[in-house]
Amino acid sequence: MLTKRIIPCLDVKAGRVVKGVNFVNIRDAGDPVEIARKYDEQGADELVFLDITASHEDRDIMVDVVRQVAEQCFMPFTVGGGIRTIDDVTRLVQAGTEKVSINTAAVVTPDIVAQTSRRFGKCTTVVNIDPKRVPREDFEKRAAAAKQQYEDVWGLAAPELPGDQEVVWEIHTHGGRTPVGIEAVAWAKRVVELGAGEIVLTSMDADGTKDGFDIELTRAVVAAVDVPVVASGGCGGPEHMYEVLKPIAEGGAGADAALAASIFHYGQYTVGQTKEYLAEHGVPVRVLSTGASGL
């Protein structure tokens, strides 16, 4: 049986790890290199590094910081934020990242997903999707305004929503600032067609709340695609990871991995403690045999 992955996330702004609630109210959490080293020692399965303002500020990702973190980590390392071209992807791979996470660029220029997959393989190609529940009326207005883009740019059919659907999971770009008129499940299917080998699914509604992952959203995406889905947004403790990782048939969301930030950054739990809880509840995880829970 494949083990489930526990992944700390470093949201980085101006060279510092930060964390907010619903993508706002940001506060400092520390130095990315030091934090990355700590999680490596605790037995994290992977690390995600997101430069959360690079796309919004229209600047390149901080490659020097990425290189420093990569030098300190011996676990798989995913980097996202500010990626606009295949050359940006190449620089990140050369700096030491195993995977790149594409979000805004995938919407603006979807072919970057296909280019990355062709050049570096599906295993390197991750798409981060940031959905938020919005009123149907607002979504339909944005979708109508983007009608030409659906076929010409995104390769999607115009959305057809059930008559009784009142809210829509609409994806957002530029660090959650820009709603684009695309429904999340449809977009997940599309990026997989383009060559994405993994999806990081971050619920904007749950982000930073510590109230638990968005099980309904995660379950819908997991059921729709045949690539690993990393659940992100809302983790308040190991029990929330248990709910999102356990199989759909058992009432969970069936995610392949769970990502968290606040509970690890501020010392509420270690990665080792989290994994021990999951193992005790029947979730297959890789547990260190060197007392990781005490780190």
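The preceding data block contains the structure.
Keep in mind the model is a prediction, meaning the values are calculated, not measured.

Trainee: When you look at the nonpolar core in this model, what are you seeing that I'm missing?
Mentor: The tendency in soluble globular proteins is for nonpolar side chains to be buried side by side. Ranked by internal contacts, the top residues of the largest apolar core, which has 79 residues, are Trp187 and Met241. The dominant element in this core, judged by the number of residues it contributes, is helix α8 (residues 184-194), at seven residues. With residues up to four places along the chain from it excluded, the contact list for methionine 241 reads Ile6, Phe213, Cys235, Ala258, Ala260, Ile263, Phe264, Thr274 and Leu278. Formed by nine residues, the second largest nonpolar core is a distinct cluster that contains Ile7, Leu50, Val200 and Leu259.

Trainee: Help me understand the packing of helix α1 (residues 32-42) against helix α2 (residues 63-72), please; the structure alone is not making it clear to me.
Mentor: Helix packing geometry: the angle between the two helix axes and the distance between the axes. Their axes nearest at 9 Å, the elements α1 and α2 cross at an angle of 25°. With respect to each other, α1 and α2 are oriented roughly parallel. Relative to α2, α1 is oriented so that their crossing is right-handed. Facing Pro32, Val33, Ala36, Arg37 and Asp40 of α1, the residues of α2 in contact are Val65, Gln68, Val69 and Gln72. Taken together, the residues of the contact of α1 with α2 sort by class into five nonpolar, two polar and two charged.

Trainee: Hey, could you run me through unusual backbone geometry in this one?
Mentor: Residues other than glycine predominantly adopt negative phi, and peptide bonds predominantly adopt the trans conformation. Look at histidine 174: it is not a glycine, yet its phi comes out positive at around 55°. Secondary-structure assignment places histidine 174 in the loop between β8 (167-173) and β9 (178-183). Classification of histidine 174 as partly exposed rests on a relative accessible area of 24%. Phi is positive for lysine 210, close to 65°, though the residue is something other than glycine. The residue lysine 210 is located in the loop between β10 (198-202) and α9 (215-224) in this model.

Trainee: Looking at this model, I keep getting lost on the pattern of salt bridges. Mind explaining?
Mentor: Side chains carrying opposite charge are able to pair once their charged atoms draw close together. Enumeration over the complete set of coordinates arrives at 14 salt bridges. With a shortest N-O distance of 3.0 Å, aspartate 45 and lysine 275 are connected by a salt bridge. You can see aspartate 45 sitting in the loop between α1 and β4 (47-51) and its partner lysine 275 sitting in helix α12 (residues 271-280), a full 230 residues away along the chain. Each member of the pair, aspartate 45 as well as lysine 275, carries the same accessibility label: buried. For the salt bridge of aspartate 88 with arginine 91, the shortest nitrogen-to-oxygen distance reads 2.2 Å. Here the residue aspartate 88 and the residue arginine 91 both occupy positions in helix α3 (residues 86-95), the gap between them amounting to three residues, near one helical turn. Sharing partners across several salt bridges, the network here consists of Arg5, Glu46, Lys99 and Glu198.

Trainee: What is the right way to look at α12 in this model?
Mentor: Because each turn of an α-helix spans 3.6 residues, side chains separated by three or four positions end up pointing in the same direction. For α12, the complete set of buried residues consists of Val271, Gly272, Thr274, Lys275 and Leu278. The buried residues of α12 occupy one face: seen down the axis, they fall within an arc of 160°. Downstream of α12 by a residue or two, glycine 282 has a phi angle that is positive, lying close to 85°.

Trainee: Could you clarify how one ought to interpret α2 in this entry?
Mentor: Looking only at α2, the buried set comprises Val63, Val65, Val66, Val69 and Ala70. Buried residues of α2 fall within an arc of 155° about the axis and therefore sit on the same side. In α2, the exposed positions that point more than 90 degrees away from the buried face belong to Asp64 and Glu71. Considering only its buried residues, α2 is in contact with α1, β4, β5 (77-80) and α3.

Trainee: For this particular structure, what's the right way to read the pairing of β5?
Mentor: Both faces of the sheet carry side chains from a regular strand, because those side chains alternate between them. Burial along β5 is two-sided: Phe77 and Val79 and Thr78 and Gly80, pointing in opposite directions, are all buried. Two strands pair when backbone bridges link them, and β4 and β5 are joined in this way by four bridges, in the parallel orientation. Bridge pairing in β5 links leucine 50 to glycine 80. One ladder, built from three bridges, connects β5 with strand β6 (residues 99-102); its direction is parallel. Counted as the bridge partner of threonine 78 is lysine 99 from β6. As for the winding sense of the linkage, the β-α-β connection from β5 through α3 to β6 is right-handed.

Scoring rules and cut-offs
- Residues numbered from 1 in each chain as written.
- Predicted model: local features only at pLDDT ≥ 70, side-chain atom pairs only at ≥ 80, totals over all residues.
- Heavy atoms only, no water.
- Core = buried A, V, L, I, M, F, W, Y, C linked by side-chain atoms within 4.5 Å.
- Buried < 20%, exposed > 50% of the residue type's maximum accessible area, 1.4 Å probe, protein only.
- Helix = DSSP H or I, 4+ residues; strand = E, 2+ residues; numbered from the N terminus.
- Contact = heavy atoms within 4.5 Å.
- Axes fitted to C-alpha atoms, helices over the stretch in contact; angles between N-to-C directions.
- Parallel < 35°, antiparallel > 145°, perpendicular 65-115°, else oblique.
- Left-handed = near helix turned anticlockwise from the far one by under 90°.
- Nonpolar A, V, L, I, M, F, W, Y, C, P; charged D, E, K, R; others polar.
- Salt bridge = Lys/Arg side-chain N within 4 Å of Asp/Glu carboxyl O.
- Arc of directions from axis to C-beta.
- Pairing = 2+ DSSP bridges.
- Right-handed = clockwise from strand over helix to strand, strands pointing away.

No statement about biological role is implied by the geometric values presented.
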